[in-house]
Amino acid sequence: MLVKIFSICVMALTVLAMPVSSMADNDMIIIRQIEKTPEVFAKEVEDYAKKREWNFLGSHKVKKGEITLVKFCVAEVGKQLWKQGLQMSALAPCGNIGVYQKDGKTEISVLNPRYMNILAPSAEMEKLSAAAEKDVMEMLDVLAK
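Residues numbered from 1 in each chain as written. Predicted model: local features only at pLDDT ≥ 70, side-chain atom pairs only at ≥ 80, totals over all residues. Heavy atoms only, no water.

Draft legend 1. Region of the structure containing the packing of helix α3 (residues 38-51) against helix α6 (residues 123-143). Two elements in contact, α3 and α6, have axes separated by 11 Å at closest approach and are oriented at 130°. Judged on the interaxial angle alone, α6 and α3 are oblique. Taken as a pair, α3 and α6 cross one another with a handedness that is right-handed. Of the residues in α6, those touching α3 at F41, E44, V45 and Y48 are E138, M139, V142 and L143. Looking at side-chain class alone, the contact of α3 with α6 contains six nonpolar, no polar and two charged residues. (Axes fitted to C-alpha atoms, helices over the stretch in contact; angles between N-to-C directions. Helix = DSSP H or I, 4+ residues; strand = E, 2+ residues; numbered from the N terminus. Parallel < 35°, antiparallel > 145°, perpendicular 65-115°, else oblique. Left-handed = near helix turned anticlockwise from the far one by under 90°. Contact = heavy atoms within 4.5 Å. Nonpolar A, V, L, I, M, F, W, Y, C, P; charged D, E, K, R; others polar.)

Draft legend 2. Layout of the packing of aromatic side chains. Taken as a whole, this structure holds two aromatic pairs when the rule is applied. Relative to F72, the ring of W54 has its centre 5.7 Å away and its plane inclined at 20°; by these criteria the two rings are stacked. Within this pair, whereas W54 is found in the loop between α3 and β2 (55-62), its partner F72 is found in strand β3 (residues 67-73), the two being separated by 18 residues in sequence. With respect to burial, W54 and F72 carry one shared label: buried. Among the aromatic residues, ring-to-ring pairing joins Y48, W54 and F72 into one connected group. (Phe/Tyr/Trp six-rings, centres within 6.5 Å; stacked < 30°, edge-to-face > 60°. Buried < 20%, exposed > 50% of the residue type's maximum accessible area, 1.4 Å probe, protein only.)

Draft legend 3. Region of interest: the pattern of salt bridges. Evaluation of the coordinates by the stated rule reveals 13 salt bridges. One salt bridge connects E46 with K50, and the closest N-O pair in it is separated by 2.9 Å. Here K50 and E46 lie together in helix α3, a separation of four residues that amounts to about one turn. R114 is the salt-bridge partner of E133, the closest N and O atoms lying 3.5 Å from each other. With E133 in helix α6 and R114 in the loop between β5 (105-111) and α5 (115-119), this pair connects stretches of sequence that are 19 residues apart. By relative accessible area, R114 is classed as partly exposed at 30%. One salt-bridge network, held together by shared partners, links R52, E76, K134, D135 and E138. (Salt bridge = Lys/Arg side-chain N within 4 Å of Asp/Glu carboxyl O.)

Draft legend 4. Just the sheet that holds β5, in detail. Strands sit in the order β1-β5-β4-β3-β2 across an open sheet of five strands; the sheet is antiparallel. Every interior strand has two partners, whereas the edge strands, β1 (29-34) and β2, have only one. Each strand axis lies, on average, 20° off the axis of its neighbour in the sheet, ignoring direction. Examined bridge by bridge, β3 and strand β4 (residues 94-102) share seven bridges and lie antiparallel to one another. (Pairing = 2+ DSSP bridges.)

Below is the structure:
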């Protein structure tokens, strides 16, 4: 059990240590420009999450107000994930959407839920990752305009 948890931690650190450009090239970080203020976008994510019965965990300004982190969890995928063990909570499809200004435009970034299968590969995790990715992409297609 400890070996499995250690392996997951090592894989997570490996992914986190990758240069951002490498992850972006592999679509692990989804980046979009939007025509909304961070406050409006955060409220829309909250409303969307509540409508879908996801967990909305809030939005918080960080880096002296430069970045708004919007946190949500895809509840139905999380429920399936826990069937694989409560230790998998660390992989729950909960996203921080970073909302910030870049070159005078509002931009968002979010980690692609496929990270779940990369860190704990299995047939079941592949299905869960794909479901979470579909849900997150649908939300972005609706809100990130």
